[in-house]
Amino acid sequence: MRRIQRCVRWVHKKVTEEDITAFRNIVGEKGVIVDDVTKYSMDWLGKYSGECPAVVRPATVEEVSEVMKYCNEQEIPVVPQAGNTGLVGGSVPTGGEIVLSVERMTNIISTDPLSRVVEVEAGVILQSLEDHLLDHNLTVPLDLAAKGSCCIGGNVATNAGGIRFLRYGSLHQSVLGMRVVMPNGDIVDMRNKLPKDNTGYDMKQLFIGSEGTLGVITDVVLQVLYYEEKKNQNHNRSPPLH
């Protein structure tokens, strides 16, 4: 197991009992974990590990905002985390940071089968979204080996590719909009359900693949596919050579 070391060391406030109480006042007693944080401070393969004084699990975008605002004021570093299925240690705390987990944000907010647009919270598991969309004869343009545990927020934050990448492109094409909480707690609403939007800068593209360095993704609007497109994808291939 490799312990992650910071490339640049900085002085930050250590999390105290007062801070833990403040977090509990924001997200509730069940929203804060301080005892068994092993699965949050280690990567999926057990290759990278770090130290984490607390895991804060907000359930709404407003709670995420309050947590980020408090941490910004108290100079407490934060590591955003979704399904923690990454293999490069990007969601592992290095020592002293709190983990802000979106695993409680699991609502599928809306589904429009006609326009093939779905809005979900960041903690929705990819497989759960796929199962939900199948009821509407739709499917996600993303498929990963970790789809049973990875979350949409993490997929977007890392610009996950998967085995459907070559056919359907990256999430830069599939994501229509999102809502993000900035480091100071401000909520930036970039949710949009139109495939084309030329009104100003396309700011959401900055957050796709940013891995939580610019803000915490809380909601995502996705353009999905008809299920027949997935079933018939082999029909467009050239016949095998003998």
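Remember, it's a predicted structure, so these values are computed and weren't measured experimentally. (Residues numbered from 1 in each chain as written. Predicted model: local features only at pLDDT ≥ 70, side-chain atom pairs only at ≥ 80, totals over all residues. Heavy atoms only, no water.)

Take empty space enclosed by the protein next. Inspection of the entire model under this criterion finds 1 cavity of 30 Å³ or more. If you add up the space inside the largest cavity, you get close to 40 Å³. Forming the walls of the largest cavity are Val140, Pro141, Leu142, Ile152, Asn155, Leu171, Ser174 and Leu222. When residues of the lining of the largest cavity are traced back to their parent elements, those giving at least two are α4 (152-158) and α6 (171-174). When grouped by side-chain class, the residues that make up the lining of the largest cavity number 6 nonpolar, 2 polar and no charged. (1 Å grid on protein atoms, 1.4 Å probe; cavity = no way out; pocket = protein on both sides within 12 Å on 5 of 7 lines; lining within 4 Å. Points joined across faces, edges and corners; volume = space filled by probe spheres on them. Helix = DSSP H or I, 4+ residues; strand = E, 2+ residues; numbered from the N terminus. Nonpolar A, V, L, I, M, F, W, Y, C, P; charged D, E, K, R; others polar.)

Strand order in the open sheet made by the 4 strands is β2-β4-β6-β5, with mixed pairing throughout. Two strands lie at the open edges of the sheet, namely β2 (32-33) and β5 (78-81), each paired on one side alone. In this sheet, strand β6 (residues 98-101) lies alongside strand β4 (residues 55-56) in parallel orientation, the contact comprising 2 bridges. Paired with valine 55 across the bridge in β6 is valine 99. Its contacts with the sheet place helix α2 (residues 61-74) against β4, β5 and β6, and it is angled at close to 165° to β6. (Pairing = 2+ DSSP bridges. Contact = heavy atoms within 4.5 Å. Axes fitted to C-alpha atoms, helices over the stretch in contact; angles between N-to-C directions.)

Let us now look at the confidence of the model for the protein chain. Chain-level statistics for the protein chain give a pLDDT mean of 88 and a share of 89% at 70 or above. Under a pLDDT of 50 for its full length, residues 234-242 has, in the predicted model, 1 contact with residues more than four places off or in other chains. (pLDDT = per-residue confidence, 0-100.)

Moving on to the packing of aromatic side chains. The geometry of an aromatic ring pair is captured by two quantities: the separation of the ring centres and the angle between the planes. Enumeration according to the criterion identifies 1 aromatic pair in this entry. Consider the rings of phenylalanine 23 and tyrosine 70, whose centres lie 5.5 Å apart with planes at 75°: the pair is edge-to-face. One end of the pair, phenylalanine 23, is in helix α1 (residues 17-27); the other, tyrosine 70, is in helix α2, and 47 residues separate them in sequence. Of the two residues, phenylalanine 23 and tyrosine 70, both sit in the buried class. (Phe/Tyr/Trp six-rings, centres within 6.5 Å; stacked < 30°, edge-to-face > 60°. Buried < 20%, exposed > 50% of the residue type's maximum accessible area, 1.4 Å probe, protein only.)

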